[in-house]
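Coordinate inspection notes
Listed below, chain by chain, are the residues.
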Amino acid sequence: MTTPLVAGLAVGAAAYGARAALQAFTAWRAAGPRMRAFYKGGFQPEMNRREAALILGVRESAPEEKVKEAHRRIMIANHPDAGGSSFIAAKVNEAKDMLLGKKTGGSSIF
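Description of the structure in this document. In this text the structure is predicted, and so the values were computed from the model without any measurement.

Section: the overall build of the chain
From N to C terminus, the chain includes four helices and zero strands. Counting from the amino terminus, helix and strand elements in the chain follow one another as α-α-α-α. Per-residue burial over the chain gives 19% buried out of 110 residues. On the chain, roughly 8,600 Å² of surface is accessible, and the fraction owed to carbon and sulfur atoms is 60%.

Structure, rendered in structure tokens:
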């Protein structure tokens, strides 16, 4: 008596699982390729920690070695001597200085 009941529950569970898997696959296929989202928009007139973190692709509270590694990786790709933009290189350097505390944010009276 219990064998047909267990078999029926197993078939139902398998069908339910297959349905969920099929729905997940169709949703994944319709979403298209997933690419890393980069910072959209221009630069602010005066850099702050948030913008610096967005430029380097790290968190605002990232440790010094992560900031330096991100800076190095970006500068290798965008160095002016290798055909990159000097403006972008300056902004990347400014972002590194901002996150490492070598440059303070906000306006200075000096």
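Some points on the side chain of Lys91
For Lys91, the location among the structural elements is in helix 4 (residues 86–100). What makes Lys91 buried here is its relative accessible area of 11%. If we ignore the near neighbours within four places in the chain, the residues touching Lys91 are Phe43, Gln44, Met47 and Ile55.

So, the side chain of His71
Secondary-structure assignment places His71 in helix 3 (residues 64–78). Within the structure, His71 has its side chain in polar contact with the side chain of Asn93 (distance 2.6 Å). In this view, His71 contacts Leu56, Val92, Asn93 and Lys96; residues no more than four positions away in its chain are not counted.

Points about the environment of Val92
Here Val92 lies in helix 4. Sequence separation between Val92 and Ala70 is 22 residues; the distance between their C-alpha atoms is 9.6 Å. With residues near it in sequence (within four places) discarded, Val92 still touches Ile55, Leu56, His71, Ile74 and Met75.

Points about helix 3
For helix 3, built from 15 residues, the straight-helix expectation of 21 Å at 1.5 Å per residue is met to within 8% by its first-to-last C-alpha distance of 21 Å. Among the residues of helix 3, Val67, Ala70, His71, Ile74 and Met75 are the ones counted as buried. Projected onto a plane normal to the axis of helix 3, the buried residues spread over an arc of 125 degrees and lie on a single side. Opposite the buried face of helix 3, at more than 90 degrees from it, the exposed residues are Glu65, Lys66, Arg72, Ile76 and Ala77.

Quick notes on the rules
- Residues numbered from 1 in each chain as written.
- Predicted model: local features only at pLDDT ≥ 70, side-chain atom pairs only at ≥ 80, totals over all residues.
- Heavy atoms only, no water.
- Helix = DSSP H or I, 4+ residues; strand = E, 2+ residues; numbered from the N terminus.
- Buried < 20%, exposed > 50% of the residue type's maximum accessible area, 1.4 Å probe, protein only.
- Areas by Shrake-Rupley, 256 points an atom, 1.4 Å probe, with all protein chains shown as cover.
- Contact = heavy atoms within 4.5 Å.
- Polar contact = N/O pair within 3.5 Å; in protein donor to acceptor, adjacent residues only side chain to side chain.
- Expected span 1.5 Å × (residues − 1).
- Arc of directions from axis to C-beta.

Without other data, these values stay purely geometric and don't point to any function.
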